[in-house]
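Summary of the model geometry
Residues per chain, in single letters:
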Amino acid sequence: MMSPMRKLSLLALTAALAVAAVVAARADHQAFLGRWNLSGTGADSTAVFWLEVKEEGGQLSGMFLNRGGSPVKLAAIEVKGDELVFTTAAPEGRTGQTFHAKRKGAGLEGSTTAGEKTIAFTGTHPPAWKAANANGAHTYGKPVDLFDGKTVDTWGVQVPNKPAGWSVVDGAMTNEKGANNLVSKQTFKDFKINAEYKIEPGSNSGIYLRGRYELQVLDDFGKAPETHGQMAIYAWVAPSVNASKPATEWQVMEAVIVGNKVTVTLNGQKVHDNATIQAITGGALDANETQPGPIMLQGDHGKVSYRKVTVTPIVKAGT
């Protein structure tokens, strides 16, 4: 028969091991907390994801941006050994996509399976941005006209093996429904962009700053401002007012981006005032947030026409 003293010792040891296990689990969780930019590797370099991992009351939760669309709550997330495993939400009757990731140095390394295809990716925390002011007294360089009213020669396309689907009609770049996305051949870091465009009824497009942050272009005249409305920083920040004109009318926008700050004016009304760009948006070309990037015009949705796209680089950002 075990002595009372030995029973107490075993109970104390069991409790200590349990506490140690909880502490170890929490330590494992800590390694994955925060926001992550996930980028496909090799042949999958166009795969761009975004992940946020939180711990609340000892339980993990997460938000995920699966290439396109909006960030949504994960269906499941847990740490198994040294691996983070999370699954995306899916419509009823379907199975979500599962991702596996491990820490590697200061970042992540993992993979996911989509159908019969395995996509490898790496992950890094988003940059710690320096203080910036999109409303500062900036010194501008020479304007760059990305459309001359005659050709689309300053643009490439996002999907190389897909027809462009754009032509110049009445002095404006106009797409066929479901066309390729236009990507400027020139890249920019901090700049001012001026664009004039016309949306067909029910259509939408998007103007991507640095190819990573979409300002929504949408036929939403008369509707309440929201995070998917016209000139929203798509799915992240709603415009302060809906300044849209009715479909088929020409609209004028201006945006100034410095670091992760942006001020946007639509049809003469300020809709973002030195707003913070919280993260990449759905459809981002890459997640190299501190690097210069192109302007991308979304053409794979509804019909839209652009008659002016001019970018003026900022030579020196003002405070």
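Residues numbered from 1 in each chain as written. Predicted model: local features only at pLDDT ≥ 70, side-chain atom pairs only at ≥ 80, totals over all residues. Heavy atoms only, no water.

1. Some thoughts on the sheet that holds strand S4 (residues 72-73)
An order of S4-S3-S2-S1-S9-S8-S7-S6-S5 is seen for the nine strands of this open sheet, with the pairing classed as antiparallel. Two strands bound the open sheet, and with one partner strand each, they are S4 and strand S5 (76-80). Of the pairings in the sheet, the one linking strand S8 (residues 107-114) to strand S9 (residues 117-124) comprises seven bridges and is antiparallel in character. Bridging across to S9, Thr113 finds its partner in Thr118. (Pairing = 2+ DSSP bridges. Helix = DSSP H or I, 4+ residues; strand = E, 2+ residues; numbered from the N terminus.)

2. With respect to the confidence of the model for the chain
The predicted model of the chain averages 92 in pLDDT, with 92% of residues at 70 or higher. Low pLDDT, under 50, characterises residues 10-25; the stretch is placed with one contact to residues that sit more than four places away or in other chains. (pLDDT = per-residue confidence, 0-100. Contact = heavy atoms within 4.5 Å.)

3. Here's the deal with the sheet that holds strand S15 (residues 182-184)
Taking strand neighbours across the sheet as the criterion, the five strands line up as S12-S15-S22-S17-S18 in an open arrangement whose pairing is antiparallel. Each edge of the open sheet is held by one strand with a lone partner, namely strand S12 (155-157) and strand S18 (213-218).

4. Some details on the layout of surface pockets
Considering only enclosed or pocket space, the largest pocket measures out at about 260 Å³ in volume. Contributing to the lining of the largest pocket are 15 residues, with Trp129, Lys130, Ala132, Asp190 and Gly259 lying nearest its centre. Of the residues belonging to the lining of the largest pocket, the class tally is six nonpolar, five polar and four charged. (1 Å grid on protein atoms, 1.4 Å probe; cavity = no way out; pocket = protein on both sides within 12 Å on 5 of 7 lines; lining within 4 Å. Points joined across faces, edges and corners; volume = space filled by probe spheres on them. Nonpolar A, V, L, I, M, F, W, Y, C, P; charged D, E, K, R; others polar.)

5. A closer look at the packing of aromatic side chains
Enumeration over the complete set of coordinates arrives at eleven aromatic pairs. A ring pair is formed by Phe49 and Phe121, whose centres lie 6.4 Å apart and whose planes are at 70 degrees; its orientation type is edge-to-face. Here Phe121 lies in strand S9 and Phe49 lies in strand S2 (residues 48-56), a separation of 72 residues in the sequence. The exposure class assigned to Phe49 is buried, which follows from its relative accessible area of 1%. Exposure remark for Phe121: the relative accessible area of 1% places this residue in the buried category. Seen from their ring centres, Tyr197 and Tyr306 are 5.8 Å apart, and the 50 degrees between their planes marks the pair as tilted. Note that Tyr197 is positioned in strand S16 (residues 191-199) and Tyr306 in strand S23 (residues 304-316), a separation of 109 residues in sequence. In terms of burial, Tyr197 and Tyr306 fall into one category: buried. A cation over a ring is seen here: Lys192 above Tyr140, with NZ or CZ 4.7 Å from the ring centre. Cation over ring: Arg307 sits above Trp250, and NZ or CZ is 4.2 Å from the ring centre. (Phe/Tyr/Trp six-rings, centres within 6.5 Å; stacked < 30°, edge-to-face > 60°. Buried < 20%, exposed > 50% of the residue type's maximum accessible area, 1.4 Å probe, protein only. Lys NZ or Arg CZ within 6 Å of the ring centre and 35° of its normal.)

6. Regarding the pairing of S5
Put simply, side chains in a regular strand alternate between the two faces of the sheet. By the alternation rule, side chains of S5 split into Ile77 and Val79, which are all buried, and Ala76, Glu78 and Lys80, of which none is buried. The pairing of S5 with strand S6 (residues 83-87) spans five bridges and is classified as antiparallel. Along S6, the bridge assignment pairs Glu78 with Val85. Connecting S5 to the next strand, S6, in antiparallel fashion are two residues, including Gly81 with a positive phi near 65 degrees.

7. Quick word on unusual backbone geometry
A positive phi angle is found at Met231, which is not glycine, with a value near 70 degrees. According to the relative accessible area criterion, Met231 is buried, its value standing at 0%. Look at Asn274: it is not a glycine, yet its phi comes out positive at around 55 degrees. Mapped onto the elements, Asn274 comes out in strand S21 (residues 269-276).

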